[in-house]
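Listed below are the residues making up each chain.
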Amino acid sequence: MRIVAVALIACLLASCASSSDKIAASYVSPMQYDNYNCRQLADEAQRVSAHAAQAAGAQDNQATKDTIATTAAIVIFWPAAFFVQGDKQNAAELARLKGEMDAIEQVSIRKQCGIQFQHAPPPPPPPPSQQ
């Protein structure tokens, strides 16, 4: 019985949606932006950023729902596991948008446009272990 419970928990956790900050950018070639001037790069960066923010919000919302369903499945009622939906389509879209932002930033730097790109702060360092 314990093995079945562990297997169920592992399956549930594997299908949960990832939070948006844990999704890595997909590679997008900067060559598609080579013909853009600095103003066009800035406009495109704003457009992609707005779409990425929407996708990140949807991703984080799904991650929260999946966490709740997983917790309910583990603690209360195993059929709740069927409500865990995962994140494949939205995660792929968010990864692509992050890749587009990286490509736009690379071209902007190469063309010396001076566009300021906001990056998420790095995670805080782990607390020192007490021995």
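Moving on, we come to unusual backbone geometry. Despite not being glycine, Gln112 has its phi angle at roughly 55 degrees, a positive value. Position of Gln112 relative to the elements: it lies in the segment after helix 3 (88-110). Its relative accessible area of 70% is what places Gln112 among the exposed residues.

Tracing the backbone shows Ala55 in helix 2 (residues 38-75). On a C-alpha basis, the gap between Ala55 and Leu97 in space is 8.7 Å, while along the polypeptide they are 42 residues apart. Ignoring any residue separated from it by four or fewer positions in sequence, one finds Ala55 in contact with Asn90, Leu94 and Leu97.

The subject of this paragraph is the side chain of Glu100. Within the fold, Glu100 resides in helix 3. Classification of Glu100 as buried rests on a relative accessible area of 9%. What Glu100 contacts, discounting residues up to four positions off in sequence, is Val28, Gln32, Tyr33, Glu44, Arg47 and Val48.

Most often, soluble globular proteins keep nonpolar side chains buried together rather than apart. Membership of the largest hydrophobic core comes to 19 residues, with the highest contact counts inside it found for Tyr33, Leu41, Leu94 and Ile104. Mapped onto this core, the elements with two or more residues apiece are helix 2 and helix 3.

For the protein, per-residue confidence averages 73 on the pLDDT scale, and residues scoring 70 or more make up 59% of the total. Highest mean pLDDT in the protein belongs to helix 3 (88); lowest belongs to helix 1 (residues 2-15) (46). Counted against residues more than four places away or in other chains, residues 3-14, with its pLDDT under 50, gives 8 contacts.

Applying the stated criterion across every chain yields a total of 1 disulfide. There is a disulfide in this structure between Cys38 and Cys113, and the S-S distance comes to 2.0 Å. Residues Cys38 and Cys113 are joined through a disulfide that is left-handed, its torsion about the S-S bond being -80 degrees. Taken together, the positions of Cys38 in helix 2 and Cys113 in the segment after helix 3 put the pair 75 residues apart, joining distant regions of the chain.

Looking now at the pattern of salt bridges. Following the criterion strictly, the structure yields 6 salt bridges and no others. Among the salt bridges present, the one from Arg39 reaches Asp43, with a minimum N-O distance of 3.2 Å. In this pair, Arg39 and Asp43 are both assigned in helix 2, 4 residues apart and thus about one turn of the helix distant. What makes Arg39 exposed here is its relative accessible area of 58%. When its relative accessible area of 35% is taken as the criterion, Asp43 is described as partly exposed. With a shortest N-O distance of 2.7 Å, Arg96 and Glu93 are connected by a salt bridge. On the criterion of helical spacing, the pair formed by Arg96 and Glu93 is a turn pair, its members being 3 residues apart in helix 3. The class of Arg96 is partly exposed, set by a relative accessible area of 33%.

Criteria and cut-off values
Residues numbered from 1 in each chain as written. Predicted model: local features only at pLDDT ≥ 70, side-chain atom pairs only at ≥ 80, totals over all residues. Heavy atoms only, no water. Helix = DSSP H or I, 4+ residues; strand = E, 2+ residues; numbered from the N terminus. Buried < 20%, exposed > 50% of the residue type's maximum accessible area, 1.4 Å probe, protein only. Contact = heavy atoms within 4.5 Å. Core = buried A, V, L, I, M, F, W, Y, C linked by side-chain atoms within 4.5 Å. pLDDT = per-residue confidence, 0-100. Disulfide = S-S within 2.5 Å. Salt bridge = Lys/Arg side-chain N within 4 Å of Asp/Glu carboxyl O.

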